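Coordinate analysis (summary)
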Amino acid sequence: MKLKLLIILYGKIYNLAYNKLTSCFDFILLILQIKIKKSYRNTNPEIKKIVFVGESLVPRVSRIAKWLKREEIYCVLIAHKKGFIKEFSSNEWDLILLFRNEFHLKRIIKQLKGVYVYHAFAPKSFYPDIVRQMVKTPFVIDMQDVYSCYYGLNPDIRWLKSELVYEKKCLKLANGVVGASLEPNVALRKYEKPKPPTIYFPLYCDNDFFESNTKQLSEDEIHLVYAGGIAGSHRNKSHYGTIQFSGLIKILSEQKIHFHIYPSPSVHHTDKAEYEQIAEHNKYFHFHKPVSQDCLADELCKYHFGLIPFFIKDTGISAEKIKYATSLKLFNYIESGIPVLVSKELIYQSWIVKRYSAGFTLNSQDLFHLKDIIATRDYRPLVSEMLKKREEISLQRNIHRLIQFYKQIAGE
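Summarised in this report is the structure supplied together with it. (Residues numbered from 1 in each chain as written. Predicted model: local features only at pLDDT ≥ 70, side-chain atom pairs only at ≥ 80, totals over all residues. Heavy atoms only, no water.)

**Examining the overall build of the chain**
Within the chain one finds 17 helices and 13 strands. In terms of C-alpha radius of gyration, the chain reaches 22 Å, essentially the compact-globule figure of 22 Å for 412 residues. Dimensions of the chain along its principal axes, counting C-alpha atoms only, are 70 × 50 × 40 Å. By the burial criterion, 57% of the 412 residues in the chain qualify as buried. A fraction of 74% describes how many contacts in the chain between residues 6 or more apart in sequence connect residues 24 or more apart. Carbon and sulfur atoms make up 52% of the accessible area of the chain, which amounts to about 18900 Å² in all. (Helix = DSSP H or I, 4+ residues; strand = E, 2+ residues; numbered from the N terminus. Rg over C-alpha atoms; globule rule 2.2 N^0.38 Å. Buried < 20%, exposed > 50% of the residue type's maximum accessible area, 1.4 Å probe, protein only. Contact = heavy atoms within 4.5 Å. Areas by Shrake-Rupley, 256 points an atom, 1.4 Å probe, with all protein chains shown as cover.)

**Examining the packing of helix 2 (residues 59-69) against helix 13 (residues 328-335)**
Look at helix 2 against helix 13: their axes get within 11 Å of each other, and the N-to-C directions meet at 55°. Our classification of the angle between helix 2 and helix 13 gives oblique. Seen along the crossing, helix 2 lies across helix 13 with a hand that is left-handed. Here Pro-59, Arg-60 and Arg-63 of helix 2 lie close against helix 13, whose contacting residues are Leu-328, Asn-332 and Glu-335. Residues belonging to the contact of helix 2 with helix 13 are distributed by class as follows: two nonpolar, one polar and three charged. (Axes fitted to C-alpha atoms, helices over the stretch in contact; angles between N-to-C directions. Parallel < 35°, antiparallel > 145°, perpendicular 65-115°, else oblique. Left-handed = near helix turned anticlockwise from the far one by under 90°. Nonpolar A, V, L, I, M, F, W, Y, C, P; charged D, E, K, R; others polar.)

**Comments concerning the pairing of strand 9 (residues 258-263)**
Most of strand 9 sits inside the fold, with six of its six residues counted as buried. Side-chain alternation along strand 9 places His-258, His-260 and Tyr-262 on one buried face and Phe-259, Ile-261 and Pro-263 on a second face that is also buried. Bridge analysis of strand 9 against strand 10 (residues 285-287) gives three bridges, and the strand direction is parallel. In the strand pairing of strand 10, Phe-259 is matched with Phe-285. A crossover links strand 9 with its parallel partner strand 10, the connecting element being helix 10 (residues 269-281), and its sense is right-handed. (Pairing = 2+ DSSP bridges. Right-handed = clockwise from strand over helix to strand, strands pointing away.)

**Some words on the pattern of salt bridges**
Where charged atoms from two side chains of opposite charge approach closely, those side chains can pair. In total, this model carries 18 salt bridges according to the counting rule given. Among the ionic pairs, Glu-412 bridges to Lys-48, the shortest N-O distance being 3.5 Å. Here Glu-412 is found in the segment after helix 17 (395-409), whereas its partner Lys-48 is found in strand 1 (residues 48-54), with 364 residues between them in sequence. For Glu-412, a relative accessible area of 59% translates into the label exposed. (Salt bridge = Lys/Arg side-chain N within 4 Å of Asp/Glu carboxyl O.)

**Overview of unusual backbone geometry**
For the peptide bond that leads from Ala-122 to Pro-123, omega is 0°, which places it in the cis range. For Pro-123, the position within the fold is in the loop between strand 4 (117-122) and helix 4 (126-134). The omega torsion across Pro-123 and Lys-124 is 0°, close enough to zero to call that bond cis. With respect to the helices and strands, the residue Lys-124 is situated in the loop between strand 4 and helix 4. You will see that Glu-72, though not glycine, has its phi angle at about 60°, which is positive. For Glu-72, the location among the structural elements is in the loop between helix 2 and strand 2 (73-80). Given the relative accessible area of 66%, Glu-72 is considered exposed. In the Ramachandran plot, Tyr-204 falls in the positive-phi region, its phi being about 65° despite a non-glycine side chain. Relative to the helices and strands, Tyr-204 resides in the loop between strand 7 (198-200) and strand 8 (223-228).

**Some thoughts on the sheet that holds strand 1**
Strands in a sheet are paired, the pairing made by backbone hydrogen bonds, and the direction either parallel or antiparallel. Ordered in space as 3-2-1-4-5-6-7, the seven strands form an open sheet in which the pairing is parallel. Either end of the sheet is taken by a strand with one partner, and the two such strands are strand 3 (95-99) and strand 7. Between one strand axis and the next, the sheet turns through 20° on average, direction left out of account. Examined bridge by bridge, strand 4 and strand 5 (residues 139-143) share five bridges and lie parallel to one another. Bridging from a neighbouring strand, Tyr-118 pairs with Phe-139 of strand 5. Set on the sheet, helix 2 makes contact with strand 1, strand 2, strand 4 and strand 5; between it and strand 2 the angle comes to about 160°. Set on the sheet, helix 3 (residues 102-111) makes contact with strand 1, strand 2, strand 3 and strand 4; between it and strand 3 the angle comes to about 145°.

Below, the structure written as structure tokens:
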């Protein structure tokens, strides 16, 4: 366990050193006004250009950009070199620019011309706030996970506390807020700030990934799947407890329920190692390699149910965070045509599941007799109802709402 923590610490120190060393170089180039090599490949002024910018690329951003491009919008991605995950990207971007540090980012922003809207994404908010201060172009901040919802405004974690400063500025001073969850509203109340123009824009399903489901459910052969972040037992339980699954694996295996995990491509290798070892000795637990968003639905549709087993008892984060949080896995499961088993404590996600007939909810004790609960459900009608309603929460049907929001922010 200590070795794994040392490996993680080494990675953090390396990234910090990389940032500091390259900053000296880019600061000089910024002063000398040396331009970067890449620029727009399409300068047609008639085509609107949206620049997505943030530290770590998240899948929702590439999904949004893909559907914007179908409306003849030119999409640029700017992300940190260390935060760019290929599996979260796509071939739809017109241009991808990766920055090394804040001065390299400033060099990139100073060079961009004719931008219609800057669509920044968080967390984290440090780099988006740099862009906000630099540009006169309309700037929106897109938030899914909001740090002030985790432990309030005075967390014990030093880096988290400093990050709240930039989160607050972005929420207060952006021209608009894109709320991928209900958390931005909670944060604005905490910060006691006037609410800027805001659009509630859930993560939505991607119509390109819709799968059918003709499977039958057998009591002797139940397969659950989880796709997303995981953590090993060496991590701090107060922060990572909801995604530490060794206990859940034991509970499901004792009921002879097959449990499959597809870890997020961003998961650290020290976290994956523990689950790989468990899978070697447990025939009911199956640990798979990470897959890209483009391939995820093809994998998930093989199973009967998608699982979101997050409970307050497993973590030190606030009840507010659990209540209002959202996750892309919910929509990934619906895309894949498999009903969702979701914690009742995830109030917002439970509401979506109920509203769109996408599965059913569980409390933490239900996990111990989950096989019996599943046996009481009629699987085929459950699937059929979900497939009927998922179009209502699809990107194809709702992307126009975001485009209209851009126009509002741009004063059109």
